[in-house]
Amino acid sequence: MSSPVKIPAKISLSNAQEWIRACARQWKESGVPDTEQDDFIENISRLYTKPPKSSSRTSVPVSERADKDFDPTKCRARVWLNGGFAGQCNCKKPESGGLCKRHQSEADKHDGSIKNGFYDSERPDYHYNDSENGEFIPWADSTVSPPAAKTKKTRKSSGPRKCSLCGLSGHNKRKCPSLTTCQPCSPSPVSPSRPSPEPATQPEPEQEPEQEPEQEPAQEPEQEPEQEPAQVNELVTVVDDTVLDTDDGSGVGLSQTNENTSFTYEGVEYVRDSNNDIFDPNDDDDDSLGKWISEDTVEFNRLGKKAHQFNKAMLS
């Protein structure tokens, strides 16, 4: 006799009827066993047969599915099958439209096209029927040769990048060890001021020498003639021909260019763009260091404060 079988808590009516028939056949041949209740259940459990597992989905060979004709009751989408074959989607066709929910969502994102095309239309050789940007589809019976693999362009290295603060390689200015090193405090150098031109002065008028009166005989003394005021031959106006540099109001020592404006703040040279963002002219990273407010006011960000402290220390 077979070994006991674990009976499930719920069985179908057909399984229960088949179990009863098996017990009746066994008892007809050998009689009803005279055992205890537990032994009786154990004996009849041996006669229970497990029903075969039924699968709702029947597997169809790939070759048969690929050779099937178009079914108008199913989704129109073409799907990829193992081995490079093409088949029709098994999903049922909705009442409105010809694609299932998954393929309709894909078509909405790609202007009505789907990855492998429609089963009732010509089979594409590229995804979404796009030979320029789409990926090649290696069908098993495809007559189109795959495109050559694109080679990646390697960027020629111009050597290791150097830090714009200390000039050493192996790190950038954010991780520069000089930012964490304490630098000696030094007073900020005073930027040299442009000498102001001296105002033009008028020369003093030259005085002619006084003429001595001729002496006449004593008997006829005459009064001395009055002195005539000194005549000024010519007043000369001295004009300084030094042409002063025009100041465009961009700040001390500014030189205006088409895009950026260079200026000096506390002895350190910077440049600012049309948005008043401040940059280090010696920095290859082009990271903003803060905002330019006025000629003597600058708002540095966290990176700009460290860079400005380092540049001031380097000046000393």
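Conventions we followed
Residues numbered from 1 in each chain as written. Predicted model: local features only at pLDDT ≥ 70, side-chain atom pairs only at ≥ 80, totals over all residues. Heavy atoms only, no water. Helix = DSSP H or I, 4+ residues; strand = E, 2+ residues; numbered from the N terminus. Buried < 20%, exposed > 50% of the residue type's maximum accessible area, 1.4 Å probe, protein only. Contact = heavy atoms within 4.5 Å. Areas by Shrake-Rupley, 256 points an atom, 1.4 Å probe, with all protein chains shown as cover. Salt bridge = Lys/Arg side-chain N within 4 Å of Asp/Glu carboxyl O. Expected span 1.5 Å × (residues − 1). Arc of directions from axis to C-beta. Phe/Tyr/Trp six-rings, centres within 6.5 Å; stacked < 30°, edge-to-face > 60°. Lys NZ or Arg CZ within 6 Å of the ring centre and 35° of its normal. Disulfide = S-S within 2.5 Å. Core = buried A, V, L, I, M, F, W, Y, C linked by side-chain atoms within 4.5 Å. pLDDT = per-residue confidence, 0-100. Lys, Arg positive; Asp, Glu negative; His and termini not counted. Pairing = 2+ DSSP bridges.

Trainee: Quick one: what's the story with the overall build of the protein chain, residue by residue and with numbers?
Mentor: Along its length, the protein chain carries five helices and eight strands. Counted from the first residue to the last, the protein chain has its helices and strands arranged as α-α-α-β-β-α-β-β-β-β-β-β-α. When burial is assessed residue by residue, the protein chain has 23% of its 316 residues classed as buried. Pairs at least 24 residues apart make up 37% of the contacts formed inside the protein chain by residues separated by at least 6 positions. Surface exposure of the protein chain reaches about 25,800 Å², of which carbon and sulfur atoms provide 48%.

Trainee: Can you explain the environment of Asn-129? Please cite residues and give values.
Mentor: For Asn-129, the position within the fold is in the loop between α4 (101-109) and β3 (255-256). Along the sequence, Asn-129 and Lys-115 sit 14 residues apart, while their C-alpha atoms lie 7.9 Å from each other.

Trainee: Requested: an account of the pattern of salt bridges, with residues and values cited.
Mentor: With the rule as written, the count across this model stands at six salt bridges. A salt bridge links Asp-120 to Arg-76; the nearest nitrogen and oxygen atoms lie 3.1 Å apart. Linking Asp-120 in the loop between α4 and β3 with Arg-76 in the loop between α3 (62-66) and β1 (78-81), this pair joins segments that are 44 residues apart in sequence. For Arg-76, a relative accessible area of 27% gives the class partly exposed. In this structure, the salt-bridge partner of Glu-266 is Lys-312, at a minimum N-O distance of 3.2 Å. Of this pair, Glu-266 sits in the loop between β4 (261-265) and β5 (268-272) while Lys-312 sits in helix α5 (residues 302-315), and the two are 46 residues apart along the sequence.

Trainee: Tell me about helix α1 (residues 13-30), residues and numbers included.
Mentor: Note on helix geometry: an α-helix contains 3.6 residues per turn, so any two residues three or four positions apart are oriented the same way. For α1, built from 18 residues, the straight-helix expectation of 26 Å at 1.5 Å per residue is met to within 8% by its first-to-last C-alpha distance of 26 Å. Residues of α1 that are buried include every one of Asn-15, Trp-19, Ala-22 and Cys-23, and no others. Buried residues of α1, viewed axially, fall in a sector of 100°; they line one side. Residues of α1 that are exposed and angled more than 90 degrees away from the buried face: Leu-13, Ile-20 and Lys-28. Just downstream of α1, Gly-31 is the residue with a positive phi angle, here 85°.

Trainee: Tell me about the packing of aromatic side chains, and name the residues and values.
Mentor: This structure, assessed with the given rule, holds five aromatic pairs. Pairing Tyr-270 with Phe-300 gives two aromatic rings, centres 5.8 Å apart and planes at 55°, and the pair type is tilted. Note that Tyr-270 is positioned in strand β5 and Phe-300 in strand β8 (residues 297-300), a separation of 30 residues in sequence. Residue classification places Tyr-270 among the buried positions, given a relative accessible area of 1%. Grouped by ring-pair contacts, the aromatic residues Phe-263, Tyr-265, Tyr-270 and Phe-300 constitute a single cluster. The aromatic ring of Phe-118 is capped on one face by Arg-76, whose charged end is 4.4 Å from the ring centroid. Sitting over the ring of Trp-292, Arg-272 keeps its end group 3.9 Å from the ring centre.

Trainee: Tell me about the state of the cysteines, and please be specific about residues and values.
Mentor: Scanning the entire structure with this criterion turns up zero disulfides. Free cysteine: Cys-91, not disulfide-bonded; nearest cysteine sulfur from Cys-89 at 3.7 Å. For Cys-91, a relative accessible area of 37% corresponds to the partly exposed category.

Trainee: Residues and numbers for the nonpolar core, please.
Mentor: Membership of the largest hydrophobic core is limited to 11 residues, which are Ala-66, Cys-75, Ala-77, Val-79, Leu-81, Cys-89, Leu-99, Cys-100, Ala-107, Ile-114 and Phe-118. With residues near it in sequence (within four places) discarded, Leu-81 still touches Val-62, Arg-65, Ala-66, Ala-86 and Gly-87. Phe-263, Tyr-265, Val-268 and Ile-278 belong to the second largest nonpolar core, which has 10 residues in total.

Trainee: Kindly report on the confidence of the model for the protein chain, identifying the contributing residues and their values.
Mentor: Averaged over all residues, the pLDDT of the protein chain equals 74, while 66% of them reach at least 70. Least confident of the elements in the protein chain is β3, whose mean pLDDT is 44; most confident is α4, at 92.

Trainee: Quick rundown of the side chain of Glu-106? Include the residues and the values.
Mentor: Along the chain, Glu-106 turns up in helix α4. Of the side chains bearing the opposite charge, Arg-102 lies closest to the buried Glu-106, which forms no salt bridge; the N-O distance is 5.2 Å. Look past the residues within four positions of Glu-106 in its chain and what remains in contact with it is Ser-113, Ile-114, Lys-115 and Tyr-128.

Trainee: Explain the pairing of β1 to me, and be specific about the residues and the numbers.
Mentor: Both β1 and strand β2 (residues 85-88) contribute to a ladder of four bridges, which runs antiparallel. The residue of β2 that forms the bridge with Arg-78 is Gln-88. Between β1 and β2, which pair antiparallel in sequence order, lie three residues; one of them, Gly-83, sits at a positive phi of approximately 90°.

Trainee: Talk me through the environment of Cys-100; I want residue IDs and the actual numbers.
Mentor: As for its placement among the helices and strands, Cys-100 is situated in the loop between β2 and α4. For Cys-100, a relative accessible area of 7% corresponds to the buried category. With 26 residues separating them along the chain, Cys-100 and Lys-74 place their C-alpha atoms 8.2 Å apart. With sequence-adjacent residues up to four places away left out, Cys-100 is seen in contact with Cys-75, Cys-89, Cys-91 and Pro-94.

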